[in-house]
Every structure is written in structure tokens, then in C-alpha cells.
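# Structural overview for review
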Amino acid sequence: MNQALEKLRILADAAKYDVSCASSGLERKNSNGIGNSKSFGICHSWASDGRCISLLKILLTNKCVYNCVYCVNRCSAETKRASLEPEEIAQITIEFYRRNYIEGLFLSSAVEINPDTTMEKMLKSLQLLRETYSFNGYIHAKIIPGTSSGLINKIGILADRISVNIELPSESSLQLLAPQKKLSAILSPMDHIHNKINENNDLRKKFKGIDKFAGAGQSTQMIIGASKENDYLILNAAQQMYHKFHLKRVYYSAYMPVVSSSLLPVPSSPPPLKRENRLYQADWLLRFYFFKADELIDLSSPFLDLDLDPKMSWALRNMHQFPIEINRVSYEELLRVPGIGVRSAYKIVAQRRRAAVKYEHLAKMGIVVKRAKYFITCCGKYYGKISLKPETIKNALFPEINAEQQLTFWDRN
Amino acid sequence: MVDYLYDGSFEGLLTCVYLHYYEEPASGVFLESQYQSDLLRPYKCVVTSLTCSDKVYFAIRKKISPLALQNTYYLYLSNHIHKEMLVLEYLKKGFKIGISIDDQHADPLIHDIHILSKKVLAESHRFLGLIRFTDTGVFLYSAIQPDHNILILLGDHFSDRLKNEKFIIHDQRRSKALISSDGIWYITDFDSKTDFPLQKKEEYYRSLWKNYYNHIGIGERKNPKLQAQYMPRRYWKNLTEI
Ligand code: SF4
């Protein structure tokens, strides 16, 4: 018993830096077994770092033959090693799930002998869960680059979401920090999965009773701050992957300097949390606000502004487009105003069909008036009370721009 | 004008709304068991009528909107001390102006009602995650102390998810329980003793879970403020892991 405790500790510890652990995007009823899946995410607890715990996030093993410099599990590292058997994984998942500790399983692994032997074991775990235990809850399986397509196909039928981590978005960084990984070996399974999902969607339209292939889609994760890539490169890579592979999410994980190496930031240097936060905000703008990466950032200053959120920063750079009249402009234009979100833009559009939206209404509709007022007119009137110069607005909004800003933008899916 | 006293059921509350329109306008609606009578204020105890409440139910849906019906129900489940009055005022306005009632964000009453209704829904959603079952060996048991009366909103979710199990979710604040067996559930008064001796297997999985919980947080990113913001401390008492 104590042995299982120890194994779970090691393998959870080893998995915790992977941040892509949301569960959602899929609705499935229980078909006479245990579990179902909800299209909205369910958080079961929040860890001491304020992150939502939804899935049991664990490695099959942390015994690795690869030697990625940034990774605590790399083969040259001295660390305790452990593996779980498929049966153990299945049992823990079921018992946690029955007690409503978790929403499902997020299973990944180090490379024990080679990608395929490890992924065979992962497949076995999923088969046990789905077939022997009739588990209908959420499963996210992480595919190791280099896994054969036949195995990916089998896993995709059993898992709700599959992901291949790109980790570092350039060939040169991979070569430097993850010498056994090749960009092409990461992108080709992504492409394969994307094609399988499309093919499966077509089949399911034609025939009844065909199982979904990765019904909740695929995602990936990038490590921020371990290598030299700037935000321009990162955001453009994300945009391309959304476009090309229709990823559901790209996750950004601030690198925790846990390893000493001349190739990496020194241990004890603080993880770039603020930068990570800004990337999530920019990513959000790409996905829901109709922004393009090169509007948010350009090569002349290739990092996102840490003091201002990317939308505010864009707006201040583009003051010539403001102020805009909220009773007239399109939904897409409303979305570009700092302080107006998807919901409040929608509310404005709904309400103004009946009667003009007045300035006094804005706060009640969920608009952050304090920010928005500099960028809008309401029934023709400007309420900003100061000139439309970016610097004046910036000063009015953020008198102490360096004041500690709270990070609240965790992965809310 | 008269104060209507109802039995605490949703149907009872809707019956009062019916009487307000078809017998005598209501000066107020109150829970019968908590009513403080006052010589100068006339009151009537209402006998819940399914015929009347059905009429109101369908009228809300048709003449106002399904959303308004949902809001009415969430208001009814809320812990607001004057929730009956809120329901009455909301429906009076709703029957007057129809479907656009819920676009009146500038109306303070509607604004407050939306906030309250959202709170109830949000709490029930939160509890989909925050329920912790103990396996007693015979059934699964969970104790909760929610702000609002949300048990009924949990029934379908858990009875589908745990279709082949028997379980009890016990609202200790209201002495009620949701009881489910093989996918069929109901709510009943419940006040039994609930400290079951912990089985070996149960202890084992609890310790695994606590151990997991303690290790999954990233030390360098500790953020107790954020943690408490998402998971308010008043809920911690019933969580296994904290
Ligand atoms: S493959 Fe690389 S990143 Fe993955 S566990 Fe092994 S060393 Fe770590």
C-alpha cells in the first residue's frame, strides 16, 4: 500500500508541469457503466497554486530513455523512478471517479524503451478502463512523438482528447534542448490526428454507430522561457496550428527552472508567469476576438507588453480607430474595445435592437466602463474626459503601471 | 390585498401567484411555517393546487419565456429571505412586458434577480465538482452545506454518472437528502446519524487522493488567494483533501 502511495507521488510530481488538463468539449451520457462527460468543464478541486484539478494527471512511467535538457525525467537526471501497471491506473481512476474526486484521466508518459512499447501500455490502460470497467468518463491521452499511426488510431477511438506536445516551436531549439525529438516527428502525428478526426466526422455523417475519434479534439503545449523563441514566433506558431490542425487548445507552460544546465535559465530564476499569462490572453484574442497574431505583435518588438494586456496594448497603438459609437459598430468591432468581452458585446447587440444603449447601462451589462470609456462614444457623446492620446489614457488607467498585478487568467477553457 | 402563506413547495408558490391574479391581489407571499401574523394584516393559508400551479407554470413559459421560467425556479431555490416577493414582482413585470423582461438590465430588480439566479446556478455547478463521496461499503455518502437549496439540481447529473451505484447526498443545512439507486433518484427529509466507520479501502483511497492533491500544486506558483477565490473556504469543511 505504501508502495502505491509512493508511486503515485512520483508520477504525479513528474506530470504536474503539463498544464493542459482541462476536461470539456464533449457531451456523453452513461451507457450502463460508470461515468459520463459534460460539454462544460467541471473542476473538482483547486490546488495550492490556484489551478483547477479536473483530471487525474499522471505518468505511466517516468523512466525515460530520452534526454530532454529541460525535463526532470530525462535519463541523465538523478531522480526516483516508478511505473504504474495498466491495472493500477485503471483501478485508481475508477475509485477516484466514484468518489467524485476527478472528472477523468489525463495519461501521459516518459519514453520507457521506445515510443511504441510505451504507447502499447497506454493503450492497454485505456482498454481496461473503457472495456473492462465500462468507464464513460473523460480521458485525455498524450501521444509520444514517433508512435506508429496504427497505435494512434486505436488510442484515438478510446480517448476523448489526444495531444502531441510541440514543447519548443522551432527545430533549432528542439535540437539544442530535446535532441531526440524532431519537429517533423511532432507535426506529422498532429497532421495524422487531424486527418483522422475529419475522416471520422465524415464517416459518422454517413453511418450510424461509428465511435468518435478523439471526440474532444486535439491540443498541444508549448514551454515558455526555456528557449530563445520570442512571443511573435510563439503566437504565430499557435495561430498556424489552430489553422492547419484545428487544434482545440494550445497551452502555454511557463518553464520552471528545475534543472541546472548552461543551456537553460538558472535554477531559482523566477518562472515567467506574467509572460505566460499574456500569451494566454493573446491566444484568447486569436480564438474568440477575431484578432490575427501580427496585429497583436510584430517583429519590431517581438514580445508582448507585460504591463498591459494585449488588447489594451493593441488599442493604444491604434488610437486612430477610436472612439467608436457602440450603438452603431458591428459585433466584431465591439469586441476590439478594451473592457468589452464576448458576453457584453453580445448583450449590447441584443439590447440596441430595442433601444439605444445608454452610458449608464454599460456597467450593468458587464462592461468595464473604467477601461472602455476612452474608446467609445455612447449616443454620440464621449465620456473619456481627456484627450485621445495613448499616453494620457495609459496614465489615467494605470498610474502605477508596475504595481503587482494579480494573475487570474488560469486555464478556464 | 392579502398575505398568502404557502407550504414551501414550488407548486405552492405558483398557486399564490395564481390567486394573486384570480382572487385577491397579494400584499405578500410568505412561508406558512415562518409567518409572523399581525392583527392589521389579513392573511390566507393557501392550499397548493396542481391545477393552478400548472396554469401559471405554462403561462410563464408561453407568455414570458422559458428563460423566465428558469429564473423563477432558481429564485425559488435561492436563500434570499424575501425570495417569494422577488418571484411575485418579477412575474408581475414579466406578464406585463413579456419576453423582453430579461433584457431590462438597467432595471435594478431585474438586475438583482439575474445575479441571484446566476448564483444559484453557479453554486449547483460548483457542487458537481465539490461533492466528495465516502464509500461506506453499502452505498456512497456525501455531506454538503450549500448556500442555496441546490440538491434537486444535482440529481440528474449524479444519477446518470453513477448509474450502477447507490448514493446519498445529504444537505446538512436543510436536513434533506438526495437518494439514488440504480439511476433513479428522489429527495427526502433526512436527519440520520452520519459518522460511518471508515473502511480500510476507503481510508486507502482517501490517503492516495490527499497525497495526490498535495503534490499536484506547483510550489513556485503558490497562490492561496486564487485558490480561495475559486474554492471558497466555507466549502472546505466537507472536502476530503483539505
Ligand atoms: S521524452 Fe523528454 S520531455 Fe518526455 S519524459 Fe522523456 S526527457 Fe522528459
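Residues numbered from 1 in each chain as written. Chains lettered and ligands numbered in written order. Predicted model: local features only at pLDDT ≥ 70, side-chain atom pairs only at ≥ 80, totals over all residues. Heavy atoms only, no water.

The subject of this paragraph is the overall build of chain B. Broken down by element type, chain B carries eight helices and eight strands. Dimensions of chain B, computed from the C-alpha atoms along their principal axes, are close to 60 × 40 × 35 Å. For chain B, with 242 residues in total, the buried portion stands at 50%. Approximately 12000 Å² of chain B is accessible, and the part contributed by carbon and sulfur atoms is 55%. (Helix = DSSP H or I, 4+ residues; strand = E, 2+ residues; numbered from the N terminus. Buried < 20%, exposed > 50% of the residue type's maximum accessible area, 1.4 Å probe, protein only. Areas by Shrake-Rupley, 256 points an atom, 1.4 Å probe, with all protein chains shown as cover.)

Moving on to the overall build of chain A. Of regular secondary structure, chain A possesses 14 helices and eleven strands. Expected size for 413 residues packed as a compact globule is a radius of gyration near 22 Å; at 23 Å, chain A falls within 12% of this value. Principal axes of the C-alpha set define a box for chain A whose edges measure 65 × 55 × 40 Å. Counting only residues that meet the buried cut, chain A has 57% of its 413 residues in that class. (Rg over C-alpha atoms; globule rule 2.2 N^0.38 Å.)

With the rule as written, the count across this model stands at one disulfide over all chains. In this model Cys43(A) forms its disulfide with Cys52(A); the gap between the sulfur atoms is 2.2 Å. Because the sign of the S-S torsion sets the handedness, a value of about -105° for the bond joining Cys43(A) and Cys52(A) places this disulfide among the left-handed ones. Relative accessible area serves as the criterion here: at 24%, Cys43(A) is assigned to the partly exposed category. Here Cys45(B) stays unpaired: no disulfide links it, and the sulfur of Cys16(B), its closest cysteine neighbor, is 10.0 Å away. (Disulfide = S-S within 2.5 Å.)

Glancing now at the side chain of Asn211(B). Position of Asn211(B) relative to the elements: it lies in helix 7 (residues 200-216). With residues up to four places along the chain from it excluded, the contact list for Asn211(B) reads Leu5(A) and Arg9(A). (Contact = heavy atoms within 4.5 Å.)

Looking now at unusual backbone geometry. The omega torsion of the bond from Phe322(A) to Pro323(A) falls at -5°, within 30 degrees of zero and hence cis. A positive phi angle is found at Asn100(A), which is not glycine, with a value near 60°. Among the structural elements, Asn100(A) can be located in the loop between helix 2 (86-98) and strand 4 (104-108). Phi at Asp182(B) is positive, roughly 50°, even though this residue is not glycine. Relative to the helices and strands, Asp182(B) is located in the loop between strand 7 (176-181) and strand 8 (184-189).

Further remarks concern the nonpolar core. Phe96(A), Met222(A), Tyr252(A), Phe375(A) and Leu154(B) are the most contacted members of the largest nonpolar core, which has 188 residues in total. In this view, Phe96(A) contacts Leu8(A), Leu56(A), Tyr101(A), Ile102(A), Tyr205(B), Leu208(B) and Trp209(B); residues no more than four positions away in its chain are not counted. (Core = buried A, V, L, I, M, F, W, Y, C linked by side-chain atoms within 4.5 Å.)

It is worth spelling out the domain arrangement of chain A at this point. Accessible area lost during the coming together of the parts is what is often quoted as the interface size. As assigned here, chain A comprises domain 1 (2-265) and domain 2 (310-411). A C-alpha centroid distance of 38 Å is found between domain 1 of chain A and domain 2 of chain A. (Domains from an automatic or database assignment.)

Attention shifts here to the interface of chain A and chain B. Tallying the contact residues gives 62 residues for chain A and 52 residues for chain B. Buried surface at the junction of chain A and chain B, summed over both partners, amounts to about 5500 Å²; 55% is from carbon and sulfur atoms. When the buried surface of chain A facing chain B is broken down by residue, Trp46(A), Arg98(A) and Arg99(A) rank first, second and third, together holding 14% of it. The interface formed by chain A and chain B contains six salt bridges. Across the pair Arg161(B) and Glu103(A) runs a salt bridge whose closest N-O atoms are separated by 2.5 Å. (Buried area = accessible area lost by both parts, 1.4 Å probe. Salt bridge = Lys/Arg side-chain N within 4 Å of Asp/Glu carboxyl O.)

Residues and elements named next belong to chain B. On the surface, a cluster of negative charge is contributed by Asp7, Glu11, Glu32 and Asp54. Among the structural elements, Asp54 can be located in helix 2 (residues 50-64). Relative accessible area serves as the criterion here: at 41%, Asp54 is assigned to the partly exposed category. (Patch = residues over 30% accessible without salt bridge, like charges linked within 9 Å, V, L, I, M, F, W, Y side chains within 5 Å. Lys, Arg positive; Asp, Glu negative; His and termini not counted. Charge placed at Lys NZ, Arg CZ, Asp CG, Glu CD.)

A separate point is the sheet that holds strand 7 of chain B. Residue and element names in this part refer to chain B. With mixed pairing, the five strands of this open sheet are ordered in space as 4-5-6-7-8. Only two strands of the sheet have a single neighbouring strand rather than two, namely strand 4 (134-135) and strand 8. Bridge count for strand 6 (residues 166-171) against strand 7 is six bridges, and the pairing is antiparallel. From the neighbouring strand, Ile169 faces strand 7, where its bridge partner is Leu178. (Pairing = 2+ DSSP bridges.)

Residue and element names in this part refer to chain A. Judged by pairing direction, the sheet is parallel, and its six strands sit side by side in the order 3-4-5-6-7-8 without closing on themselves. Only two strands of the sheet have a single neighbouring strand rather than two, namely strand 3 (55-59) and strand 8 (249-254). Across the sheet, the mean angle separating the axes of adjacent strands is 20° when strand polarity is ignored. Helix-sheet contacts for helix 3 (residues 115-132) involve strand 4 and strand 5 (138-142), and the interaxial angle to strand 5 is about 175°. (Axes fitted to C-alpha atoms, helices over the stretch in contact; angles between N-to-C directions.)

Oppositely charged side chains can pair when the atoms bearing their charge come close. Evaluation of the coordinates by the stated rule reveals 36 salt bridges over all chains. One salt bridge in this structure joins Lys196(A) and Glu199(A), with 3.6 Å as the shortest N-O distance. In this pair, Lys196(A) and Glu199(A) are both assigned in helix 6 (residues 183-206), three residues apart and thus about one turn of the helix distant. Connected through salt bridges with shared partners, the residues Glu95(A), Arg98(A), Arg99(A), Asp135(B), Glu165(B), Lys201(B), Glu202(B) and Arg206(B) form a single ionic network.

A separate point is helix 3 of chain A. Residue and element names in this part refer to chain A. An ideal rise of 1.5 Å per residue puts 26 Å on 18 residues; helix 3 measures up with 25 Å between its terminal C-alpha atoms. When helix 3 is considered as a whole, its buried residues turn out to be Pro115, Thr118, Met119, Lys121, Met122, Leu123, Ser125, Leu126, Leu128, Leu129 and Arg130. If you follow the buried residues of helix 3, they end up packed against helix 2, strand 4, strand 5 and helix 4 (149-158). Backbone geometry just after helix 3 places Ser134 at a positive phi near 45°. (Expected span 1.5 Å × (residues − 1).)

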